[in-house]
Amino acid sequence: MIEARDLRKAFGDFEAVRGIDLAVRKGEAFGFLGPNGAGKSSTMRMIAAVSPVSGGELRILGRDPAKDGPAIRGRLGVCPQEDTLDTELNVFDNLFIYGRYFGIAAADVRERAQELLEFVQLTDKAKSKVEDLSGGMKRRLTIARSLINRPDLLLLDEPTTGLDPQARHLLWDKLFRLKQTGVTLVITTHYMDEAEQLCDRLVVMDKGVIVAEGSPAALIQEHSTREVTELRFGVVGEDETHASYAEKVAEQVTGLGERVEVLPDRLLVYGDDGDEVAAKVHERGLRPVAVLVRRSTLEDVFLHLTGRTLVD
Amino acid sequence: MAVTEGVPVSEGIGRQVDYWLTVYRRTWKGTAISSFVAPLFYVVAMGVLLGGFIEVDPSELEGATSYLAFLVPGLVAAHAMQTAVGETTYPVMGMIKWQRVYESMLATPLAVRDVVFAHLVFVTARVASTCAVFMLVVAPFGVIETWWGAVLAFLSQILVGTAFGSLVYALTTRMSTPEGFGVLFRLGVFPMFLFSGAFFPVANLGEVGAWVARLTPLWQGVNLSRMFMLDNVDWAVAGINATVLIVLTLVGLRWSVTGLRKRLVS
């Protein structure tokens, strides 16, 4: 569905995407995971055939976006990072008008719009103004709109950013159902749980390059341990911050796990048995105010690969 | 398939007809009243009441037998300019950066050219309908000499609309904030409205002033509209006036397409 080789995007002197290779297969859910500014959105805009490629090769649905932009866009569904719904039109008209841009006959668009309103559970809001919808409803409407042309490939740029947990789960459910029907999904996100829930395969991006690639489980296995023990220490002296204190303690816990990461507010000790690590910490006479043992996540993978957290 | 530049522009515009009809249906009531009332106020206040104090020889009024007959054709042309500028400043910026409607349009098979042309067709239709209402309102005041003159005057007013519409559209695509609109209105539109021959013959501005006025795009339209309405046509001048407006429209169209492309397809 998508093939890229040494793909690059530059804005003046700034290179947002610095040579990435990709291959997205039909029917899979593919993710771009990375912090803000990693180059995810620039890559998505090139894949959406609205942003010209600065270097390298890109084929979307077997075509060259520089030559066949309109034909490619006709087969894509795009759910942009910020809602671009027309706030002056009602919910139904947003779908109807958008479908017309694809040259779909009016009667067909009407039917399709009704189906999609049903799918995203907005049928009773058909005549409502867009501005009266909640954030979650707007997102669902944007997703419905992106499906109006029955796309082969659906691009979702940060689909659940800014939504409350309930709205996110509802949206994930919809996206999961779409995937079941065979739609290829490409998702950017800086939420590791979203990537784990939705993506079969993902690339981790940082500063315009791909730093790792694989399924969420494989990435965790390859770049992290099974469990993580989080230690939080109370601040000791007046001038002492947690970070500076943690640096000192870090030396003492070295050797307890495979690896130690020092974050501004906590220490992460990576080991396959988190409880055992916690027990050893106490044996060494350290007294953290809070201890949490958990499974490794993509966040840990990212931290390990880049030395930074995903959401700053 | 070989290289596809998208659908033909006519098809691209056609696909946006439903959008612009919906926009029009939502706004026409408000604009219909103002486009009917505003010209009536202007014509009564300035043409009839103020004009009642003005008694000059028709030769000094470019052939008009009354100040009202002199004023109306220029006023409609100036009104066309104001409508076109109004429709291509804030509304265009809104579609670029506030509501971001263009962004959603360009995610579909529509090309930048289709989007620009469709919007400017809508602006032209707005100008045409508001000028048509204006002309119908003033018709009973006995300012129309011949029906064909009125039709040609109406077409000249539409040309004013296309020239200003496309040029200001092009300008808006190159502006990042609406602050520049104030300058455009105060130093561009307003002086042109007052001094481009709509309210008095530009000859009154003195030799240099008159030539400056004749270089403005609005004067071309005012002059065309007035010559046709008064049935006092110098065809050589009319040819120049029409050519200038058509060339400005074409240049504006080109700049609009390149401007929007630079802005949104980066």
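Residues numbered from 1 in each chain as written. Chains lettered and ligands numbered in written order. Predicted model: local features only at pLDDT ≥ 70, side-chain atom pairs only at ≥ 80, totals over all residues. Heavy atoms only, no water.

Q: Looking at this structure, how should I read the domain arrangement of chain A?
A: Often the size quoted for an interface is simply the accessible area lost on bringing the parts together. For chain A, the assigned domains are domain 1 (2–213) and domain 2 (225–295). Relative to domain 2 of chain A, the C-alpha centre of domain 1 of chain A lies at a distance of 40 Å. (Domains from an automatic or database assignment.)

Q: For this particular structure, what's the right way to read unusual backbone geometry?
A: The phi torsion of most residues other than glycine is negative, and most of the peptide bonds are trans. All names here are of chain A. Positive phi outside glycine occurs at glutamate 158, with the angle close to 50°. You can see glutamate 158 is positioned in the loop between β6 (153–157) and α6 (165–180). The backbone of lysine 207 sits at a positive phi, close to 50°, despite the residue not being glycine. Position of lysine 207 among the secondary structure elements: in the loop between β8 (201–206) and β9 (209–214). The exposure class of lysine 207 is exposed, given its relative accessible area of 52%. (Helix = DSSP H or I, 4+ residues; strand = E, 2+ residues; numbered from the N terminus. Buried < 20%, exposed > 50% of the residue type's maximum accessible area, 1.4 Å probe, protein only.)

Q: Sorry if this is basic, but what is going on with the pattern of salt bridges here?
A: Close approach of charged atoms allows side chains of opposite charge to pair. Going through the model one piece at a time under the given rule, you end up with 27 salt bridges over all chains. For glutamate 82 of chain A, the salt bridge goes to arginine 100 of chain B, with nearest N and O atoms at 3.1 Å. Pair noted here: glutamate 82 of chain A is in the loop between β5 (76–79) and α3 (91–101) and arginine 100 of chain B is in the loop between α4 (90–98) and α5 (101–106), and the two residues belong to different chains. For glutamate 82 of chain A, a relative accessible area of 48% corresponds to the partly exposed category. For arginine 100 of chain B, a relative accessible area of 21% translates into the label partly exposed. Here glutamate 230 of chain A ties to arginine 266 of chain A by a salt bridge, and the two come within 3.1 Å at their closest N and O atoms. Taken together, the residues span a long stretch of sequence, with glutamate 230 of chain A in strand β10 (residues 227–232) and arginine 266 of chain A in the loop between β11 (259–262) and β12 (267–271) at a distance of 36 residues. Residue classification places glutamate 230 of chain A among the buried positions, given a relative accessible area of 10%. (Salt bridge = Lys/Arg side-chain N within 4 Å of Asp/Glu carboxyl O.)

Q: Looking at this model, I keep getting lost on the interface of chain A and chain B. Mind explaining?
A: Between chain A and chain B, the residue contacts involve 31 residues of the former and 27 residues of the latter. Around 2,500 Å² of area is buried between chain A and chain B when both sides are counted, 53% of it from carbon and sulfur atoms. At the junction of chain A and chain B, the tally comes to 3 salt bridges. Across the pair arginine 26 of chain B and glutamate 88 of chain A runs a salt bridge whose closest N-O atoms are separated by 2.5 Å. (Contact = heavy atoms within 4.5 Å. Buried area = accessible area lost by both parts, 1.4 Å probe.)

Q: Got a minute to help me understand the packing of aromatic side chains in this structure?
A: Here the distance between the centres and the angle between the planes together describe a pair of aromatic rings. Under the defined criterion, the tally for this structure stands at 12 aromatic pairs over all chains. Ring centres of phenylalanine 92 of chain A and phenylalanine 96 of chain A lie 6.4 Å apart, and the angle between their planes is 10°; on these two criteria the pair is classed as stacked. Here phenylalanine 96 of chain A and phenylalanine 92 of chain A lie together in helix α3, a separation of 4 residues that amounts to about one turn. In this structure, phenylalanine 92 of chain A and phenylalanine 96 of chain A share a single accessibility class: buried. Between the aromatic rings of tyrosine 90 of chain B and phenylalanine 181 of chain B, the centroid separation amounts to 4.8 Å while the plane-to-plane angle is 65°, which identifies the pairing as edge-to-face. (Phe/Tyr/Trp six-rings, centres within 6.5 Å; stacked < 30°, edge-to-face > 60°.)

Q: How should the packing of helix α3 (residues 67–88) of chain B against helix α6 (residues 112–138) of chain B be read in this particular structure?
A: When two helices pack together, their arrangement is given by the angle between the helix axes and by the axis-to-axis distance. Residue and element names in this part refer to chain B. For the pair α3 and α6, interaxial distance at closest approach is 9 Å and the crossing angle is 150°. The angle between α3 and α6 places the two elements in the roughly antiparallel class. Helix-helix and strand crossings are classified by hand; for α3 and α6 the assignment is right-handed. Along the contact surface, α3 presents Val72, Leu75, Val76, His79, Ala80, Thr83, Ala84, Glu87 and Thr88, while α6 presents His119, Leu120, Phe122, Val123, Arg126, Val127, Thr130, Cys131, Phe134, Met135 and Val138. Here the residues of the contact of α3 with α6 are counted per class, giving 13 nonpolar, 5 polar and 2 charged. (Axes fitted to C-alpha atoms, helices over the stretch in contact; angles between N-to-C directions. Parallel < 35°, antiparallel > 145°, perpendicular 65-115°, else oblique. Left-handed = near helix turned anticlockwise from the far one by under 90°. Nonpolar A, V, L, I, M, F, W, Y, C, P; charged D, E, K, R; others polar.)

Q: Looking at this structure, how should I read the nonpolar core?
A: Within soluble globular proteins, side chains that are nonpolar tend to cluster in buried spots. Counting residues in each nonpolar core, the largest one holds 147 residues, and the members touching the most others are Tyr19 and Tyr102 of chain B. The element best represented in this core is α3 of chain B, accounting for 14 residues. Residues contacting tyrosine 102 of chain B, with those up to four places away along its chain left out, are Val92, Met95, Ile96, Val115, His119, Tyr169, Leu260 and Leu264 of chain B. Counting residues in hydrophobic clusters, the runner-up holds 12 residues, among them Leu231, Val269, Val277 and Val281 of chain A. (Core = buried A, V, L, I, M, F, W, Y, C linked by side-chain atoms within 4.5 Å.)

Q: Sorry if this is basic, but what is going on with the side chain of asparagine 241 of chain B here?
A: Residues and elements named next belong to chain B. With respect to the helices, strands and loops of the structure, asparagine 241 is situated in helix α11 (residues 235–264). Since its relative accessible area comes to 1%, asparagine 241 is described here as buried. Non-local contacts of asparagine 241, meaning those with residues more than four positions away in its chain, are made with Trp219, Gln220, Asn223, Leu224 and Met227.

Q: Just to check I follow, could you spell out the packing of helix α7 (residues 147–173) of chain B against helix α10 (residues 217–229) of chain B for this structure?
A: Residues and elements named next belong to chain B. For the pair α7 and α10, the least separation of the axes is 7 Å and the interaxial angle reads 170°. Relative to α10, α7 is oriented roughly antiparallel. Across from Gly149, Ala150, Leu152, Ala153, Ser156, Gln157, Val160 and Phe164 in α7, the residues of α10 making contact are Pro217, Leu218, Gly221, Leu224, Ser225, Phe228 and Met229. For the contact of α7 with α10, the per-class residue count stands at 10 nonpolar, 5 polar and no charged.

Q: Is there a simple way to explain a nonpolar patch on the surface in this structure?
A: Residues and elements named next belong to chain B. On the surface, Trp147, Trp148, Val151, Leu155 and Trp235 cluster together into a nonpolar patch covering about 600 Å² of accessible area. Sorting elements by how many residues they give to the nonpolar patch places α7 first, with 4 residues. Here tryptophan 235 lies in helix α11. Tryptophan 235 gets classed as exposed once you look at its relative accessible area, which sits at 54%. (Patch = residues over 30% accessible without salt bridge, like charges linked within 9 Å, V, L, I, M, F, W, Y side chains within 5 Å. Areas by Shrake-Rupley, 256 points an atom, 1.4 Å probe, with all protein chains shown as cover.)

Q: For this particular structure, what's the right way to read the pairing of β9 of chain A?
A: For a regular strand, side chains alternate in direction, first toward one face of the sheet and then toward the other. All names here are of chain A. Both β8 and β9 contribute to a ladder of 5 bridges, which runs antiparallel. Residue pairing for β9: valine 204 is matched across the bridge by alanine 212. With antiparallel pairing between neighbouring strands as the criterion, β8 and β9 make up a hairpin whose turn holds 2 residues, including lysine 207 at a positive phi of roughly 50°. (Pairing = 2+ DSSP bridges.)

Q: Can you help me understand the state of the cysteines in this one?
A: Joining two cysteines, a disulfide is a covalent bond between their sulfur atoms. Residues and elements named next belong to chain A. Under the counting rule described, the total for this entry stands at 0 disulfides over all chains. Here cysteine 79 stays free of any disulfide, with the sulfur of cysteine 199 as its closest cysteine sulfur at 14 Å. On the basis of relative accessible area, cysteine 79 is assigned to the buried category, the value being 1%. (Disulfide = S-S within 2.5 Å.)

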